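A structural walkthrough
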Amino acid sequence: MSCANKMFPALVRANKAAKLRYLPAARCRSTAAASTREKQQQQRMEDGRCAAVVEAEPVELISPGRSARDGLPRGNISVDFNNTEEAYKSKDNVELLRSLLVFKLCAVDVLVEKNKELMALSKKMLGKWLFEKLMKMTFYGQFVAGEDHNAIKPLIRKNQAFGVGAVLDYSVEEDLTQEEAEKKEMDSCLSQAEKESPDADHREKKYKAHRQFGDRRGGVISARTYFYADEVKCDNQLETFINCIKASGGASSDGFSAIKMTALGRPQFLLQFSEVLLKWKQFFKFLAAQQGKSEMTALEQKLEPAQLKETLTKLGVAAEDDIENWFTGEKLGLSGTIDMLDWNSLIDDTTKISNLLMVPNLQTGQLEPLLSTFTAEEERQMKRMLQRVDVLANHALEHGVRLMVDAEQTYFQPAISRLTLEMQRKFNTEKPIIFNTYQCYLKEAYDNVTVDVELSRREGWYFGAKLVRGAYMYQERARAAEIGYEDPINPDYEATNRMYHKCLEYLLEDIEHGRKSNIMVATHNEDTVKFTLEKMNEMRLSADENKVYFGQLLGMCDQMSFPLGQAGFPVYKYVPYGPVDEVIPYLSRRAQENRGFVKGSQRERSLLWKELKRRLLGGQIFYKPVY
């Protein structure tokens, strides 16, 4: 069996007779509890799990009660996000001044709107050496850790000494023109069959490539973008991710490394695979509607086997005896009904990846290929993508690094989530190694989270999730409106907040009940962090359990990250790195994101000023962090 099939043992079944088959979709910290601080530090030092702690007066940031159930600190968690001394104790005065300068510049519209042109002009006037010095003193120094995996180690170790870990993210991107990006996207997203006969296959509009949205960078300010060139480039990007995993393993004992699926193969596969998953999901919903269950949530839709068999037989999907065999034994739910997860299990191995692309036609009652033809080279490209994913997961396991799979556009995301789920099934058997990302601005976010958690419960592996609000809202809305399909985004920011908190509370409840969920609360929203702490108090969950993590971008929201870390919570910075010239696109987006962030709230700047004044008035003109 091929590497790809070993990794995905339950992806597909051959369809020789047009029968129904479904493709399923201990860290280094200084604690801040005044009453127990010295004892905890001493114990952790003796255990060999904590580096030197900053010499400073204890600050009351967290006041845990204790539970008789297991002796862990629980309840009454409170973290002070106004304590600037604790928030910025890892930074010297020059770093505070740099943050103030960068945030101030990000609030000037003309500088942000013309940032690329201004950087190009500066480089031309100053020369490469002086330009890079200037960038390292300002934007690059604020948002990027260094040029390579050796250069980033001092920053990572310093942050660790103050309780903050790292999610390494090699942030180099091609600096393509819009025309170049569109051409690459169209070439890589169209199959040979589509190029030869554009209208021969009945494809969903959402899952087809459209030139006007070929440049996937449009309207996106907080996510890097990869464009496919060829298989050699994908192999090079695989090596880059492997080096990132090794750097993360070498820099810390509990780090993460971030990857993107679109960097690992031809996006045509992700588009087609996503469409297949959607059509099978729609078919299940159609069957649920036949039983009067269309208004129920995804997991509440439990189909009665007798009615299901009758409907499938009437549709002519397969012979009655074959259908009878599909819903017996292990394939029948424990309740005697068929839900979405039982439905997903009706699959088997196959060595031919193109059998993934079989979809039901409700008019004919037959399974049909998504594409009229599928070339041998397209088959090989699909297998290589799966193999690259498998290689990365194995490297992460070998180096003790957790792998964070970033979310992407909704027309890619079903396939990305499905492939990530398969990695979790294989690699998360003993601890959470693979983390999937859930975008809570999506209307279907809660269904996606609950279905995947339920699968992990049934199969007994560790569920790992990063919750984000989402990076592609403007692009997704514009694409849906122009091409003509339902907008996948929640109607407004308040609805997205409610969705985020709903998914978060569900996962916290799963942790409360002693199950195997792990969650990263990736947000710059202070209210959401406070909501998380309140719920942890209510549920008597402890930071020491290391199941609830927090995440922010490097150079942003230090007033949240470092107090949380000092209080003993697992908290991580997304740490970009790469050569100055090659991370300019990333820095350009950070400037744009900070424009909205800074204009929306003056809080971070006011806290930075407050700490700088405190130090200057206290005679700490040459303050240096001690660690």
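Structural data are supplied above this passage.
A short tour of the structure in this document, coming up. This one's a predicted model, so the numbers in the text were calculated from it and none came from an experiment.

1. Some points on the overall build of the chain
- Counting secondary structure elements, the chain contains 24 helices and 12 strands.
- A total of about 25900 Å² of accessible surface is found on the chain, and carbon and sulfur atoms cover 52% of it.

2. Considerations on the nonpolar core
- Counting 53 residues, the largest nonpolar core has Leu 467, Leu 507, Leu 533, Phe 550, Leu 564 and Phe 569 as its most contacted members.
- Breaking this core down by element, the ones donating at least two residues are α18 (445-459), β9 (463-468), α20 (493-512), β10 (517-522), α21 (526-539), β11 (548-553) and α22 (558-566).
- With residues up to four places along the chain from it excluded, the contact list for Phe 550 reads Met 520, Val 521, Val 529, Thr 532, Leu 533, Leu 564, Phe 569, Pro 570, Val 571 and Tyr 572.

3. Notes on the side chain of Gln 301
- Looking at the element boundaries, Gln 301 is found in the loop between α12 (267-290) and α13 (305-315).
- Look at Gln 301 and you get buried, because its relative accessible area is 4%.
- Here the side chain of Gln 301 touches Lys 293 through a polar contact of 3.0 Å, landing on its backbone oxygen.
- Excluding residues within four positions of it along the chain, Gln 301 makes contact with Phe 284, Lys 285, Ala 288, Lys 293, Ser 294, Met 296, Ile 338, Asp 339 and Met 340.

4. Some words on helix α24 (residues 603-617)
- Over its 15 residues, α24 runs 21 Å from end to end, which matches the ideal 21 Å to within 8%, given 1.5 Å per residue.
- Within α24, the full set of buried residues consists of Glu 604, Arg 605, Leu 607, Leu 608, Glu 611, Leu 612 and Arg 615. An end-on view of α24 places all buried positions within 165 degrees of arc, on one side of the element.
- Remark: Gly 619 follows α24 within two positions and exhibits a positive phi of approximately 80 degrees.

5. Remarks on the packing of aromatic side chains
- Applying the stated rule across the entire model yields 15 aromatic pairs.
- Between the aromatic rings of Phe 435 and Tyr 549, the centroid separation amounts to 6.0 Å while the plane-to-plane angle is 50 degrees, which identifies the pairing as tilted. You can see Phe 435 sitting in strand β8 (residues 434-439) and its partner Tyr 549 sitting in strand β11, a full 114 residues away along the chain. This pair shows no difference in class: Phe 435 is buried, exactly as Tyr 549 is.
- Summarising the aromatic geometry, the rings of Tyr 438 and Phe 463 are spaced 6.0 Å apart at their centres and angled 40 degrees between planes, so their arrangement reads as tilted. In this pair, Tyr 438 sits in strand β8 while Phe 463 sits in strand β9, placing the two residues 25 residues apart along the sequence.
- Take Tyr 438: its relative accessible area is 4%, and that puts it in the buried class.
- It is Arg 216 that lies over the ring of Phe 227; its NZ or CZ is 4.9 Å from the centre.
- Its guanidinium or amino end placed over the ring of Tyr 623, Arg 615 lies 3.9 Å from that ring's centre, counting from NZ or CZ.

6. A closer look at the pattern of salt bridges
- Tallied over the full model, the rule gives 36 salt bridges.
- A salt bridge links Lys 91 to Asp 558; the shortest N-O distance between them is 3.3 Å. Remark: Asp 558 occurs in helix α22 and Lys 91 occurs in the loop between α3 (84-87) and α4 (93-106); sequence separation between them is 467 residues. Both residues of the pair, Lys 91 and Asp 558, belong to the buried class.

7. Quick notes on the environment of Leu 277
- Within the secondary structure, Leu 277 sits in helix α12.
- Each C-alpha atom of the pair Leu 277 and Pro 414 lies 6.8 Å from the other, and the pair is 137 residues apart in sequence.

8. Describing helix α6 (residues 115-137)
- For α6, built from 23 residues, the straight-helix expectation of 33 Å at 1.5 Å per residue is missed by more than 12%, its first-to-last C-alpha distance being only 16 Å.
- Listed as buried for α6 are Asn 115, Met 119, Phe 131, Glu 132 and Met 135.

9. Regarding the sheet that holds β9
- As summarised here, the arrangement of the eight strands in space is β3-β4-β7-β8-β9-β10-β11-β12, forming a closed barrel in which the pairing is parallel. Looking at each pair of strands side by side, their axes are set apart by 30 degrees on average, direction ignored.
- As judged from the seven bridges shared by strand β3 (residues 164-170) and strand β12 (residues 571-577), these two strands associate in the parallel manner. Bridged to Tyr 170 within β12 is Tyr 577.
- Across the sheet, α20 is in contact with β9, β10 and β11; its angle to β10 comes to roughly 150 degrees.

10. Examining the pairing of β12
- Of all seven residues in β12, seven are buried; the element is thus mostly enclosed.
- Burial along β12 is two-sided: the face carrying Val 571, Lys 573, Val 575 and Tyr 577 and the face carrying Tyr 572, Tyr 574 and Pro 576 are both buried.
- Pairing of β11 with β12, which is carried by four bridges, proceeds in the parallel orientation. Residue pairing in the sheet places Gln 552 in a bridge with Lys 573 of β12.
- With α22 bridging β11 and the parallel β12, this β-α-β connection has right-handed handedness.

11. Re the environment of Met 385
- As for its position among the elements, Met 385 is in helix α16 (residues 376-398).
- Accessibility expressed as a relative area gives 0% for Met 385, which makes it buried.
- Along the sequence, Met 385 and Leu 264 sit 121 residues apart, while their C-alpha atoms lie 5.7 Å from each other.

12. So, the packing of α12 against α13
- Interhelical geometry of α12 versus α13 gives an angle of 115 degrees and a closest axis separation of 10 Å. Judged by the twist between their axes, the crossing of α12 over α13 is right-handed. Here Phe 283, Phe 286, Leu 287 and Gln 290 of α12 come into contact with α13, specifically with Leu 308, Thr 311, Leu 312 and Leu 315.
- By residue class, the composition of the contact of α12 with α13 is six nonpolar, two polar and no charged.

13. Structural notes on a nonpolar patch on the surface
- On the surface, Leu 121, Met 125, Leu 126, Trp 129, Leu 130 and Leu 134 cluster together into a nonpolar patch covering about 640 Å² of accessible area.
- Structurally, the position occupied by Met 125 is in helix α6.
- On the basis of relative accessible area, Met 125 is assigned to the exposed category, the value being 65%.

14. Section: unusual backbone geometry
- We note that Arg 540 has phi near 60 degrees; this positive angle belongs to a residue other than glycine.
- Structurally, Arg 540 can be placed in the loop between α21 and β11.
- We classify Arg 540 as partly exposed; its relative accessible area is 40%.

Parameters and conventions
Residues numbered from 1 in each chain as written. Predicted model: local features only at pLDDT ≥ 70, side-chain atom pairs only at ≥ 80, totals over all residues. Heavy atoms only, no water. Helix = DSSP H or I, 4+ residues; strand = E, 2+ residues; numbered from the N terminus. Areas by Shrake-Rupley, 256 points an atom, 1.4 Å probe, with all protein chains shown as cover. Core = buried A, V, L, I, M, F, W, Y, C linked by side-chain atoms within 4.5 Å. Buried < 20%, exposed > 50% of the residue type's maximum accessible area, 1.4 Å probe, protein only. Contact = heavy atoms within 4.5 Å. Polar contact = N/O pair within 3.5 Å; in protein donor to acceptor, adjacent residues only side chain to side chain. Expected span 1.5 Å × (residues − 1). Arc of directions from axis to C-beta. Phe/Tyr/Trp six-rings, centres within 6.5 Å; stacked < 30°, edge-to-face > 60°. Lys NZ or Arg CZ within 6 Å of the ring centre and 35° of its normal. Salt bridge = Lys/Arg side-chain N within 4 Å of Asp/Glu carboxyl O. Pairing = 2+ DSSP bridges. Axes fitted to C-alpha atoms, helices over the stretch in contact; angles between N-to-C directions. Right-handed = clockwise from strand over helix to strand, strands pointing away. Left-handed = near helix turned anticlockwise from the far one by under 90°. Nonpolar A, V, L, I, M, F, W, Y, C, P; charged D, E, K, R; others polar. Patch = residues over 30% accessible without salt bridge, like charges linked within 9 Å, V, L, I, M, F, W, Y side chains within 5 Å.

By themselves, these figures tell us nothing about what the structure is for.
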